[in-house]
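So you can see what is in the structure, the chains are spelled out below.
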Amino acid sequence: MSKIYDVIVMGAGPAGLTAGLYAGRSRLDTLIIEKGQDGGQIAITNEIENYPGQQMEGETGPSLIARMTEQAKKFGAERVGDVIKSVDLGGDVKKLTGNKGEYLAKTVILATGAFPRPIGCKNEAKYMGKGISYCATCDAAFFEDFEVYVVGGGDAAVEEAMYLAKFARKVTVIHRRDELRAAKSIQEKAFANPKMNFMWDTVVDEADGDEILSKMIVRNTKTGELTTIEADEEDGMFGLFGFIGLLPNTKLFEGLLDMENGYIKTDDNMHTNLPGVFAAGDLRVKSLRQVVTAAADGAIAAMQAEHYIANLK
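Residues numbered from 1 in each chain as written. Predicted model: local features only at pLDDT ≥ 70, side-chain atom pairs only at ≥ 80, totals over all residues. Heavy atoms only, no water.

Regarding the pattern of salt bridges
Point 1. The final tally for this structure, using the stated rule, is 13 salt bridges.
Point 2. Two residues, lysine 3 and aspartate 29, come together in a salt bridge whose shortest N-O distance is 3.3 Å. You can see lysine 3 sitting in the segment before strand E1 (4-10) and its partner aspartate 29 sitting in the loop between helix H1 (14-25) and strand E2 (30-34), a full 26 residues away along the chain.
Point 3. On the basis of relative accessibility, which here comes to 28%, the residue aspartate 29 falls in the partly exposed class.
Point 4. Two residues, glutamate 102 and lysine 95, come together in a salt bridge whose shortest N-O distance is 3.8 Å. (Salt bridge = Lys/Arg side-chain N within 4 Å of Asp/Glu carboxyl O. Helix = DSSP H or I, 4+ residues; strand = E, 2+ residues; numbered from the N terminus. Buried < 20%, exposed > 50% of the residue type's maximum accessible area, 1.4 Å probe, protein only.)

Remarks on the sheet that holds strand E13 (residues 215-220)
Point 1. Spatially, 3 strands are ordered E12-E13-E14 in an open sheet, and the strand pairing comes out antiparallel. Of all the strands in the sheet, just strand E12 (202-208) and strand E14 (226-230) have a single pairing partner and so form its edges. Taken pair by pair, the neighbouring strands of this sheet meet at an average axis angle of 25°, ignoring direction.
Point 2. Pairing of E12 with E13 involves 6 bridges; the strand directions are antiparallel. The residue of E13 that forms the bridge with glutamate 206 is isoleucine 217. (Pairing = 2+ DSSP bridges. Axes fitted to C-alpha atoms, helices over the stretch in contact; angles between N-to-C directions.)

Looking at the pairing of strand E5 (residues 94-98)
The side chains of a regular strand alternate, first on one face of the sheet and then on the other.
Point 1. Burial along E5 is one-sided: the face carrying Lys94, Leu96 and Gly98 is buried and the face carrying Lys95 and Thr97 is not.
Point 2. Inspection of the sheet shows strand E4 (residues 84-88) paired to E5 by 4 bridges, in the antiparallel sense. Among the inter-strand pairings, aspartate 88 is bridged to a residue of E5, identified as lysine 95.
Point 3. In this structure, the hairpin formed by E4 and E5 is closed by a connection of 5 residues, where glycine 91 is found at a positive phi of approximately 80°.
Point 4. Of the strand pairs in this sheet, E5 and strand E6 (residues 102-110) are connected by 4 bridges, and their pairing is antiparallel. Bridge assignment links lysine 94 to a residue of E6, and that residue is alanine 105.
Point 5. With antiparallel pairing between neighbouring strands as the criterion, E5 and E6 make up a hairpin whose turn holds 3 residues, including glycine 101 at a positive phi of roughly 155°.

This is a description of form; function is not addressed.
Given below as structure tokens:
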């Protein structure tokens, strides 16, 4: 008979690791399952400035996550690396089936996160964290007085571009069409901002540079004309932000949990529509997706799992 854990946490990003830490510290028999490296999106973030209590100098995504991983381990959370292929989240015992075996638990905390829809240009992965970003709140301060380009045309893209304009000396929105999709009220503010510029009917074909992003090739979607954009010589680099949507890692739960545009619906206490199943972090419907909010979600989910298990006895 397979072991039945008190809590299984799917995902080892900030939400999952915090959930594991709180569950383990509450003396719950806890298992964290992660298919790749710990950290999720934050693992590819080169510098962090806005996580409370972080190291003031030299804090990176990997360094922060490494400490979170050690904390979860300290309080007894077990770990396994596996890819979960199917889930049965009904009943008193939940079952997760992976490549390496089956995992059973009284409660499950889903923390599989979300990832930015890629810009789709050549060398994109190479310059992630080295000029290419997907989070203005995270990285705007690193581009103070630099030029910045924003790919996208919806509400989020234009709002993030205006946020970046508080820091950058010039912000250019690159959009594949000849008009924005953002709400008219947002567009009006953007067009009135002297720092904002717009490059219509354009997509980014290629990112380039030495160690950091300093050059890119853009293509006109109507004429096919290619244009090379290079960083100001004194700057030596520029920023390229992609805001064309997030893709939540929730496909495995479709048809089982209530969702909105692919994101899992929860209440304020991270309960989903299924008893004993909780969701935490970027995969749930929420207004702000940051490390600090993911960690808060994980803590709440773990404590709610404890309450749920106590009421089973």
